[in-house]
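Structure at a glance
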Amino acid sequence: MKINRLKTKDYSIIIGKNSISNLTTEIKKHCPKCKKVAVIFDKKIPKKFIVKIRKKLNRYKVFIFFVSSSEKMKNLKKTNFFINNLIKFNFNRSDLVIAIGGGIIGDMTGFVASIYKRGINFINLPSTLLAQVDSCIGGKTGVNSKYGKNLIGSFYNPKVVIVETEFLKSLPRREVVCGFAEILKHAIINDKKFFYFLKKNTHKVLSLKNNVLEKSILKSCKIKLNFTEKDFKEKGLRMKLNFGHTFAHALESQNKYSNKLNHGEAVLIGMLIAVKISKLNNLCSNETLNQIENLYNKYFLIDDLNKYLKKDKILKSIKFMKNDKKKDDEKISLILLKTIGKTTMPGK
């Protein structure tokens, strides 16, 4: 099976089946003075991967931590726990921290790595589709505050990202749909041709058919990199990636980050709300709205979708937007759609 390697300015993204076999080589290459490795695992990672990764690290002194992944756990208290352990075990900046889990684990571990001794080596092995196509790219790290999601964080790139597609086989369909939301977003905001590819192949992506899956992950990563490489600190162009997210974060806050609505589901709903607002403002056509709605309905992406699209629900969610980190002063920043592949510019 071919392993794909995407090069960025500061790190590589390795994508494919059995890409995890590259871990030892990548550590030697990027962290030649490393002696200690802290590995933060999501508890849901199948045992066979834990055994495999442990073997890959047998030349190092390894400290393993298992975490129950949830938005409620992603906070400064947990960050402090990991920082204190790195201090206790006398980790140096030449040592390494590895995240193995979804976006929550990756975001928090990256944040820990960025602030420990002003920056320790960090490698990300995203295990969910959502993390593989979204949070592992672009250097955003962070934790939540009681006032909102990801309000405490930094920009900090890993040494390498390893996207092992075999991880995905252990995911329930709901988690795969969650990741597909970001793949679809990248197509809607940037690539009409990719959107039509997904219209035909969504079932194959959701069924984890290797060739179509890897092609979709690779394309999605390339689109996100196109934005993040040009605007690392999110001052302008990168804000287009927030399409649907202002509403999504509001919906997550309303639901108190509970399992009733996961991030991908919130993004799917948020995108559709954004498209409907675009249509109401005569920015996009009815045909554009219909094409997106038809894809949602054809593949049953969201259960009971209409209840989230009622006017009172949308208005209620607006109050939750006021602490969103993407808000500039008192103005709520919304990215709207002109046509598939083209959005409004940030701040317009």
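The following refers to the structure shown. Computed from a prediction, not measured in an experiment: that's the story for all the values here.

The rules behind these values
Residues numbered from 1 in each chain as written. Predicted model: local features only at pLDDT ≥ 70, side-chain atom pairs only at ≥ 80, totals over all residues. Heavy atoms only, no water. Helix = DSSP H or I, 4+ residues; strand = E, 2+ residues; numbered from the N terminus. Expected span 1.5 Å × (residues − 1). Buried < 20%, exposed > 50% of the residue type's maximum accessible area, 1.4 Å probe, protein only. Contact = heavy atoms within 4.5 Å. Pairing = 2+ DSSP bridges. Right-handed = clockwise from strand over helix to strand, strands pointing away. Axes fitted to C-alpha atoms, helices over the stretch in contact; angles between N-to-C directions. Parallel < 35°, antiparallel > 145°, perpendicular 65-115°, else oblique. Left-handed = near helix turned anticlockwise from the far one by under 90°. Nonpolar A, V, L, I, M, F, W, Y, C, P; charged D, E, K, R; others polar. Core = buried A, V, L, I, M, F, W, Y, C linked by side-chain atoms within 4.5 Å.

Observations concerning helix H6 (residues 173–190)
For H6, with 18 residues, the first-to-last C-alpha span of 26 Å sits near the 26 Å given by 1.5 Å per residue. Taken across its 18 residues, H6 has 14 buried, putting it largely inside the fold.

Points about the side chain of Glu265
By the element assignment, Glu265 lies in helix H10 (residues 263–280). For Glu265, the contacting residues outside a window of four places in its chain are Arg174, Lys260 and Ile302.

With respect to the pairing of strand E3 (residues 36–42)
With respect to burial, E3 is a largely interior element, seven of its seven residues being buried. Of the two faces of E3, the one holding Lys36, Ala38, Ile40 and Asp42 and the one holding Val37, Val39 and Phe41 are both buried throughout. Examined bridge by bridge, E3 and strand E4 (residues 61–67) share seven bridges and lie parallel to one another. Of the residues in E4, the one forming a bridge with Phe41 is Phe66. Following the chain from E3 across helix H2 (residues 47–56) to the adjacent parallel E4, one finds a crossover that is right-handed. Sheet analysis places E3 next to strand E5 (residues 96–101), joined by five bridges and oriented parallel. By the bridge assignment, Phe41 is partnered in E5 with Ile100.

Side note on the packing of H6 against helix H8 (residues 210–230)
Following both chains from N to C, one finds H6 and H8 inclined at 55°, their axes separated by 9 Å at the closest point. When the axis of H6 is compared with that of H8, the two are oblique. The crossing of H6 and H8 is left-handed. Every residue of H8 that contacts H6 at Glu182, Ile183, His186, Ile189 and Asn190 is listed here: Ser216, Ser220, Ile223, Lys224, Asn226 and Phe227. Tallied by class, residues from the contact of H6 with H8 come to four nonpolar, five polar and two charged.

Some remarks on the environment of Gly244
Relative to the helices and strands, Gly244 is located in the loop between H8 and helix H9 (245–254). The class for Gly244 is buried, based on a relative accessible area of 5%. Residues Gly244 and Leu305, 61 residues apart in the sequence, show an inter-C-alpha distance of 15 Å. For Gly244, the residues in contact, after removing those within four places along its chain, are Val267, Gly270, Met271 and Ala274.

Notes on the nonpolar core
In this structure, Leu184 and Leu301 are the most contacted members of the largest nonpolar core, which totals 65 residues. Looking at this core element by element, the count peaks at ten residues for H10. Grouped together as the second largest cluster of nonpolar side chains are 24 residues, Phe41, Phe49, Ile53 and Leu57 included.

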